[in-house]
Amino acid sequence: DAGVIQSPRHEVTEMGQEVTLRCKPISGHNSLFWYRQTMMRGLELLIYFNNNVPIDDSGMPEDRFSAKMPNASFSTLKIQPSEPRDSAVYFCASRGRAGSGELFFGEGSRLTVL
Amino acid sequence: AQKITQTQPGMFVQEKEAVTLDCTYDTSDPSYGLFWYKQPSSGEMIFLIYQGSYDQQNATEGRYSLNFQKARKSANLVISASQLGDSAMYFCAMRVPPGTYKYIFGTGTRLKVLA
């Protein structure tokens, strides 16, 4: 079975540009999470969805960040306008109803904002 | 406040020896889940082991075991017979409370296995 799929794997952009990160969760999983990882702050939960509905977006840094989940198989995280301090690895993870409840992570999208 | 604490930023262990990575947690919810993840230098996050707050026995998965001490609020990861491939960053995480599916991660411990 395919795991969580993220794109792009690497993104280099200039300050002020719009960035869109994409995620396809594991089929059948009903919860989706966006995390950001930096050396300074570690793994931070940005937002998570349950059954396509945003449940907690308190981790979203500011209004420049937005996330959507239009259907069960796709989510986006958008940054507009991007700033150098947004440079990080962004992980998408999904969770199913069965099992011990572990998160399945994608390989991450490494964002560099110049 | 709900929190995960990993106090060891880095650890060294000799190949074939056992190593313990520390994790303490704080929550007032009686029901929670504890997880350990491995992040090798390639960057992916790999699930290792899970312990539920009501589980009576410590979880084990191959060479990984979780030393769960509920009264002390600790959930240490024990890796037996360390291998060079175990060199990675290790994260402890907590899910609280059930129903909201919020997962909190610690700051991680970088393990280096020496030949």
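As the structure is a computational prediction, the values presented were derived from the model and not from experiment.

J.: Teacher, can you tell me more about the state of the cysteines here?
T.: The bond known as a disulfide is covalent and runs between the sulfur atoms of two cysteines. Residues and elements named next belong to chain B. Enumeration over the complete set of coordinates arrives at two disulfides over all chains. Across a sulfur-sulfur distance of 2.0 Å, Cys23 and Cys92 are joined as a disulfide pair. The sign of the -65° torsion about the S-S bond sets the Cys23-Cys92 disulfide as left-handed. With Cys23 in the loop between strand E3 (19-21) and strand E4 (24-26) and Cys92 in strand E10 (residues 88-96), this residue pair connects regions lying 69 residues apart in the sequence. Residue class for Cys23 comes out buried when judged on its relative accessible area of 0%.

J.: Would you mind going over the nonpolar core with me for this structure?
T.: Counting 26 residues, the largest nonpolar core has B:Tyr25, B:Leu34, B:Trp36, B:Ile49, B:Leu77, B:Tyr90 and B:Met94 as the members making the most contacts within it. Secondary-structure elements contributing two or more residues to this core are E3, strand E5 (33-39), strand E6 (46-52), strand E8 (64-69), strand E9 (74-79), E10 and strand E12 (109-114) of chain B. A total of five residues in this core trace back to one element, the largest contributor, which is E10(B). By size, the runner-up hydrophobic cluster in this structure holds 21 residues, among which are A:Leu21, A:Phe49, A:Phe65 and A:Ala88.

J.: Even after reading the chapter, I still don't get the layout of surface pockets, so can you show me in this structure?
T.: If you roll a probe as big as a water molecule over the atoms, it shows you where there is empty space left. Reported here for the largest pocket is a volume of approximately 640 Å³. For the largest pocket, the lining is made up of 31 residues, of which A:Gln37, A:Met39, A:Arg110, B:Gln39 and B:Arg110 are closest to its centre. Going through the elements one at a time, strand E4 (31-38), strand E9 (88-95) and strand E11 (109-113) of chain A together with E10 and E12 of chain B are the ones with two or more residues in the lining of the largest pocket. In terms of residue count, the dominant contributor to the lining of the largest pocket is E11(A) (four residues). Considering only residue class, the lining of the largest pocket consists of eleven nonpolar, 14 polar and six charged. Taken as a whole, the second largest pocket encloses approximately 150 Å³ of empty space. Forming the walls of the second largest pocket are A:Gly3, A:Val4, A:Ile26, A:Glu102, A:Leu103, A:Phe104, A:Phe105, A:Gly106, A:Glu107, B:Glu44, B:Met45 and B:Phe47.

Parameters and conventions
Residues numbered from 1 in each chain as written. Chains lettered and ligands numbered in written order. Predicted model: local features only at pLDDT ≥ 70, side-chain atom pairs only at ≥ 80, totals over all residues. Heavy atoms only, no water. Disulfide = S-S within 2.5 Å. Helix = DSSP H or I, 4+ residues; strand = E, 2+ residues; numbered from the N terminus. Buried < 20%, exposed > 50% of the residue type's maximum accessible area, 1.4 Å probe, protein only. Core = buried A, V, L, I, M, F, W, Y, C linked by side-chain atoms within 4.5 Å. 1 Å grid on protein atoms, 1.4 Å probe; cavity = no way out; pocket = protein on both sides within 12 Å on 5 of 7 lines; lining within 4 Å. Points joined across faces, edges and corners; volume = space filled by probe spheres on them. Nonpolar A, V, L, I, M, F, W, Y, C, P; charged D, E, K, R; others polar.

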